[in-house]
Each structure stands twice: as structure tokens, then as C-alpha cells.
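The residues making up each chain are set out below.
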Amino acid sequence: MYKIKKRAVGPAKPPALYNIIEDYTEFDAPGNVTVCAMTEPEQSEAHARVLSESYDIPLEVVLRLLSEGGCYVYPQEGLLVTRGLFACRIDPTGAKPKQTWVLDVTQYAKAEQMMRSYGLTLEEASARVFYRTLPPELRTKLEQKNMGLDYAKLDRTVARGGDIKYIDFRKDWSPHFKRLCIMPDGRLVETGGIEEFAELHKITVTQARTLLEQGGILEVEGDVLACQIVNGQASVARFNRQQYAKAKDLAQTKGLHIIDALSEVGLSDPAMMRALRRVEQRL
């Protein structure tokens, strides 16, 4: 199944980058991606700026890759290689949309090995490694024109743009799609991007980034933020003092990990359970 979200673009808002979004984040890593596509003409500078911010790549490099295609290999920091590469693939025939993705360090190592073994370019090796990890359903769709979407069933504002112009395969906590945090009173609060998440919870951007990338807990003014990483995606809930105290007691008496104890508290809290059901209804 595919999910389609419309994004209204007013004069005071930044340009919309995507009008088709399909969620494959429940698939096994590293193929757990969010497919973000656009039928409207690409606004290259805005597109490059967001990718540059998301992936920590110089803006001029992203602009060049979006116009020419190719790969950017992250520079080595210290003695260890800790990051892979960013790739932009452009079909010279124009039959397929422009595509961008990121390889982690393990995938990058496989791409380098494939280059040496088969005499491939880094771009081709990167593509082969990346596509092999994707869900079979998605691989099949990518072989079809416009991912096999039935334009008669699409919203007119999406369909009128014509063919899909580009696809970004994303995993990051991006400002361009909202993610939910369950609050202690059962409210579902959406944030788009690490900065907005940090501002909501009155923590630093560094603290927010560490929590969302690594998971765990973070105490905030007596409350606690709990983050679980499932298939590379962050799932976040905030618990108040009383809920946190109950979880710590459960962890001590039952020998549970604090995250598991917080989950038990959340499942026994009527307000948070209602929030969980609302989350499930959105999926």
C-alpha cells in the first residue's frame, strides 16, 4: 500500500519538496526508507539546501550532484571511517526520475568491494548495493513508470504535475515530514526536524540529536523523554514525574530495563493508550 500526503503551499511557506510519500520504515534495516517523491518541477536550490542540511554536505556539492549526478564520499574523521556516501542518480534518457540516497559505512564498504571485483563505477556499485536492500515491493515499483501509481486515483494537485521528477530515499528526522511525540497527558505533538523537537522539549539540539539517533532516556525538568529506535526510526514519548517514578520502581522491583518499564507504564495509562491508538489509526 502507498500513502499519499498533500502539502498546502502558501506564500509565506518554504517551497514544498514532496507531494508523494510512501513509508517503508517498518522494513528491515538498511532498507527501511521513506520514499519522498515530487511531481512538480524541481526547485533545485531549495531541494539542495534541505539535502545539504539533512546530510551535512556542502551546499555547492549537493547542487552539483543534483545537476550532474554522482557520489559524495564523506571525509574520514580520525583513524576510522564512520560514514558512507551520498548518491544522486540521474537517468540520461530521462525515462526514470532523479534519485538520491545515502549508504551507511557497511554498505559503502560493499560498494567499494564491488567496484574492485567487477570494474564498476562508484555510482553504479552504490546503486546496486542500495537497491538490493530495499523491500521487494518497492524494487518492483521502481521498475514501473511513476512507481506504478494510478494517476486517476491521485489527488488532482498531485496528478497535475505529471510524471515524478525526483525521489529522495530518506531516513533522517527531517523538517519536511512531521513525527509524533506522545505527551504525558495523551496529546500527540508533531515536530518537524531536530531543532523544532529540541525547542518543544527545551533541550539542546545536541541532546535532541543524540537521543533521536541513539535512543534511550533523557531527564528534562523532572520529566523524562524516552526514545526507542525501531528499524532505524525513532519513536518518542514523554513521561511526567509520577509516571517516571512508577517506571523506576517497576525497573527496580521487576529487574526491567527502564525503557521497558516506561513502556509498561504507558500501556497502563488510559490517556497514553488512547494516544497510541490514534497513532495506529494514522498509519
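Bear in mind that the values here come from a model prediction, so they are computed numbers and not experimental data.

Conventions and cut-offs
- Residues numbered from 1 in each chain as written.
- Predicted model: local features only at pLDDT ≥ 70, side-chain atom pairs only at ≥ 80, totals over all residues.
- Heavy atoms only, no water.
- Axes fitted to C-alpha atoms, helices over the stretch in contact; angles between N-to-C directions.
- Helix = DSSP H or I, 4+ residues; strand = E, 2+ residues; numbered from the N terminus.
- Parallel < 35°, antiparallel > 145°, perpendicular 65-115°, else oblique.
- Contact = heavy atoms within 4.5 Å.
- Nonpolar A, V, L, I, M, F, W, Y, C, P; charged D, E, K, R; others polar.
- Pairing = 2+ DSSP bridges.
- Salt bridge = Lys/Arg side-chain N within 4 Å of Asp/Glu carboxyl O.
- Buried < 20%, exposed > 50% of the residue type's maximum accessible area, 1.4 Å probe, protein only.
- Polar contact = N/O pair within 3.5 Å; in protein donor to acceptor, adjacent residues only side chain to side chain.

Engineer: I would appreciate a short explanation of the packing of helix 7 (residues 194-201) against helix 8 (residues 205-214) in the present structure.
Structural biologist: Packed helices, taken two at a time, are described by the angle their axes make and the gap between the axes. Packing of helix 7 against helix 8 brings their axes to within 9 Å, and their N-to-C directions diverge by 110°. Judged by the inter-axis angle, helix 7 sits roughly perpendicular to helix 8. Note on element contacts: helix 8 touches helix 7 through Val205, Ala208, Arg209, Leu211 and Leu212, opposite Ile194, Glu195, Phe197 and Ala198. Of the residues belonging to the contact of helix 7 with helix 8, the class tally is 7 nonpolar, no polar and 2 charged.

Engineer: What is the right way to look at the sheet that holds strand 5 (residues 98-103) in this model?
Structural biologist: Neighbouring strands of a sheet are bound in pairs by backbone hydrogen bonds; such pairs are parallel or else antiparallel. Read from one edge of the open sheet, 6 strands run 1-2-6-5-4-3, paired in mixed fashion. Of all strands in the sheet, those with a lone pairing partner are strand 1 (20-23) and strand 3 (70-73), marking the two edges. Adjacent strand axes in the sheet meet at a mean angle of 15° when their direction is disregarded. As paired strands, strand 3 and strand 4 (residues 85-89) are joined by 4 bridges and run antiparallel to one another. Along strand 4, the bridge assignment pairs Tyr72 with Phe86.

Engineer: In this structure, what is going on with the pattern of salt bridges? I would like to understand it.
Structural biologist: When their charged atoms lie close together, side chains carrying opposite charge are able to pair. One pass over the full model with this rule turns up 10 salt bridges. Two residues, Glu42 and Lys98, come together in a salt bridge whose shortest N-O distance is 2.7 Å. Taken as a pair, Glu42 in the loop between strand 2 (34-38) and helix 1 (44-55) and Lys98 in strand 5 lie far apart in primary sequence, 56 residues in all. On the basis of relative accessibility, which here comes to 12%, the residue Lys98 falls in the buried class. When the shortest N-O distance is used, the salt bridge between Glu137 and Lys141 registers 3.6 Å. Taken as a pair, Glu137 and Lys141 lie in helix 5 (residues 136-142) at a separation of 4 residues, close to a single helical turn. Overall, the relative accessible area of 39% leaves Glu137 in the partly exposed class. Taken together, the salt bridges that share partners define one network made up of Glu22, Glu137 and Lys141.

Engineer: Would you mind going over the side chain of Asn146 with me for this structure?
Structural biologist: As for its placement among the helices and strands, Asn146 is situated in the loop between helix 5 and helix 6 (156-159). With relative accessibility at 13%, the residue Asn146 sits in the buried group. Side-chain polar atoms of Asn146 contact the side chain of Asp163, separated by 2.9 Å. If we skip the residues at most four places from it in the chain, Asn146 touches Tyr151, Asp163 and Ile164.

Engineer: Which parts of the structure should I look at to understand the pairing of strand 8 (residues 188-191)?
Structural biologist: Two faces belong to every sheet, and in a regular strand the side chains alternate between them. Relative to strand 8, strand 7 (residues 179-182) runs antiparallel, the two being bridged by 4 bridges. What sits directly across from Ile182, in strand 8, is Leu188. Between the end of strand 7 and the start of strand 8, which pair antiparallel, lie 5 residues, with Gly186 showing a positive phi angle near 95°.

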